[in-house]
Amino acid sequence: MKNIGVLISGGGSNLQAIIDACESGILKGLARVAVVVSNRADAYGLERAEKHKIPAFFFNPRDFNANSAYCSMISGELRKHKVDIVCLAGYMSLIDPCLLNDFKNKIINIHPALLPKYGGKGMYGHHVHKAVIAAGESESGVTVHWVNEVYDSGEIILQRKVPVLINDTPEELAARVLAVEHIAYPEAILKILKQG
Ligand code: GRF
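Residue-level account of the sheet that holds strand E7 (residues 156–163), with values.
In space, the 7 strands of this open sheet follow the order E3-E2-E1-E4-E5-E6-E7, with mixed pairing throughout. Here the strands that pair on one side only, and so sit at the sheet edges, are strand E3 (56–58) and E7. Each neighbouring strand pair of the sheet contributes to a mean axis angle of 20 degrees, computed without reference to strand direction. Examined bridge by bridge, strand E4 (residues 85–89) and strand E5 (residues 107–111) share 3 bridges and lie parallel to one another. Bridging across to E5, Cys87 finds its partner in Ile108. Where helix H6 (residues 170–194) meets the sheet, its contacts fall on strand E1 (2–8), strand E2 (31–38), E4, E5, strand E6 (139–146) and E7, and the angle it forms with E7 comes to roughly 155 degrees.

Following this line, the structure appears as structure tokens:
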């Protein structure tokens, strides 16, 4: 049984999808969510974790005077819970090199577009979907990828496509993409578990 640590900043619907996959879906018997860490106090994902009796922590970046000190705190918590894989699920922060070093080749992220397009600094949330629509793309999608020092540039684990419909609003496209994220994230975790 592999231990997953999930880092969040918000609603945590991807966290929920991973929890559900571990409890009763494609990850059942293979993985469990061992710990959840948020960098925002009001992240609803913290409540989701608590409902499933998963240890969940909020660490305020402002309480730490250096990124590395903040990172050590998170890293320590992940280690305490013997985390094998770290999933970023709506975690709105660049990952500190110290965390990358402590969890080498163990951190993955989900991005709501078909990378390498529509990725990088500033490309998050509605900015992504607005840009996809403005460019007149006929399809968008989901990318799960390994995390390195540069936003959205690590090796791709899995991608899933969704159509962009005529007259789509960013909200409509976001909802279509998010529904696929919830399937794709557990699939990507299963894929890397199978690869050993
Ligand atoms: C998702 O669209 C994810 O791709 C992006 O942030 C959003 C998080 O949603 N990185 P949630 O917090 O998992 O509901």
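Here the narrative resumes, following the displayed structure.
Tell me about helix H3 (residues 67–80), and please be specific about residues and values.
Side chains three or four residues apart in an α-helix point the same way, a direct result of the helix having 3.6 residues per turn. Its 14 residues give H3 an end-to-end C-alpha distance of 20 Å, which sits within 8% of 20 Å, the value for a rise of 1.5 Å per residue. Where H3 is buried, its residues meet E1, E2, E3, E4 and helix H4 (97–102). Phi for Lys82, located one or two positions after H3, is positive at around 50 degrees.

Give a detailed account of unusual backbone geometry, specifying residues and quantitative values.
As a rule of thumb, non-glycine residues mostly have phi less than zero, and peptide bonds are mostly trans rather than cis. Of the consecutive residues Leu115 and Pro116, the connecting peptide bond is found in the cis state with omega at 10 degrees. Looking at the secondary structure, you find Pro116 in the loop between E5 and helix H5 (125–134). Its identity as a non-glycine residue notwithstanding, Tyr118 has a phi of 60 degrees, on the positive side. Here Tyr118 shows up in the loop between E5 and H5. Its identity as a non-glycine residue notwithstanding, Asn167 has a phi of 70 degrees, on the positive side. Summarising the element assignment, Asn167 is placed in the loop between E7 and H6.

Quick rundown of the packing of aromatic side chains? Include the residues and the values.
A complete count under the given rule lists 2 aromatic pairs for this structure. Between the aromatic rings of Phe57 and Phe59, the centroid separation amounts to 5.9 Å while the plane-to-plane angle is 10 degrees, which identifies the pairing as stacked. Using a relative accessible area of 10% as the deciding quantity, one classes Phe59 as buried. For Arg79, the ring lying beneath its charged end belongs to Phe103, and the centroid distance is 5.8 Å.

Could you give an account of the site of the ligand, with specific residues and numbers?
Surveying the vicinity of the ligand reveals the residues Gly11, Gly12, Ser13, Asn14, Gly90, Ile110, Pro112, Leu178 and Glu181. Within the backbone of Gly12, a nitrogen or oxygen atom sits 2.8 Å from an oxygen atom of the ligand. Contacts to the ligand include Asn14, whose backbone N or O atom sits 2.8 Å from an oxygen atom. Relative to its unbound accessible area of 370 Å², the ligand is 79% covered by the protein chains. With respect to the pocket detection grid, the ligand is positioned in the largest pocket. Those elements giving two or more residues to the shell around the ligand turn out to be helix H1 (13–24) and H6. Among the residues making up the shell around the ligand, the classes are represented as 3 nonpolar, 5 polar and 1 charged.

Tell me about the state of the cysteines, and please be specific about residues and values.
Overall, the coordinates contain 1 disulfide when judged by the stated rule. The closest cysteine sulfur to the non-disulfide-bonded Cys22 is located on Cys87, 8.5 Å from its own sulfur.

Run through the pattern of salt bridges, naming residues and quoting values.
By the definition in use, this model includes 7 salt bridges. We note a salt bridge from Glu137 to Lys117, for which the minimum N-O separation is 2.9 Å. Of the two residues, Glu137 is situated in the loop between H5 and E6 and Lys117 in the loop between E5 and H5; the sequence distance between them amounts to 20 residues. Residue Lys117 is classed as partly exposed on the basis of its relative accessible area, which comes to 45%. Taking the shortest distance from any N to any O, the salt bridge between Arg160 and Glu187 comes out at 2.9 Å. In this pair, Arg160 is assigned in strand E7 and Glu187 in helix H6, connecting sequence segments 27 residues apart. For Arg160, a relative accessible area of 35% corresponds to the partly exposed category.

What counts and what doesn't
- Residues numbered from 1 in each chain as written.
- Predicted model: local features only at pLDDT ≥ 70, side-chain atom pairs only at ≥ 80, totals over all residues.
- Heavy atoms only, no water.
- Pairing = 2+ DSSP bridges.
- Helix = DSSP H or I, 4+ residues; strand = E, 2+ residues; numbered from the N terminus.
- Axes fitted to C-alpha atoms, helices over the stretch in contact; angles between N-to-C directions.
- Contact = heavy atoms within 4.5 Å.
- Expected span 1.5 Å × (residues − 1).
- Phe/Tyr/Trp six-rings, centres within 6.5 Å; stacked < 30°, edge-to-face > 60°.
- Buried < 20%, exposed > 50% of the residue type's maximum accessible area, 1.4 Å probe, protein only.
- Lys NZ or Arg CZ within 6 Å of the ring centre and 35° of its normal.
- Near = heavy atom within 4 Å.
- Polar contact = N/O pair within 3.5 Å; in protein donor to acceptor, adjacent residues only side chain to side chain.
- Areas by Shrake-Rupley, 256 points an atom, 1.4 Å probe, with all protein chains shown as cover.
- 1 Å grid on protein atoms, 1.4 Å probe; cavity = no way out; pocket = protein on both sides within 12 Å on 5 of 7 lines; lining within 4 Å.
- Sits in = over half its atoms within 2 Å of the grid points.
- Nonpolar A, V, L, I, M, F, W, Y, C, P; charged D, E, K, R; others polar.
- Disulfide = S-S within 2.5 Å.
- Salt bridge = Lys/Arg side-chain N within 4 Å of Asp/Glu carboxyl O.

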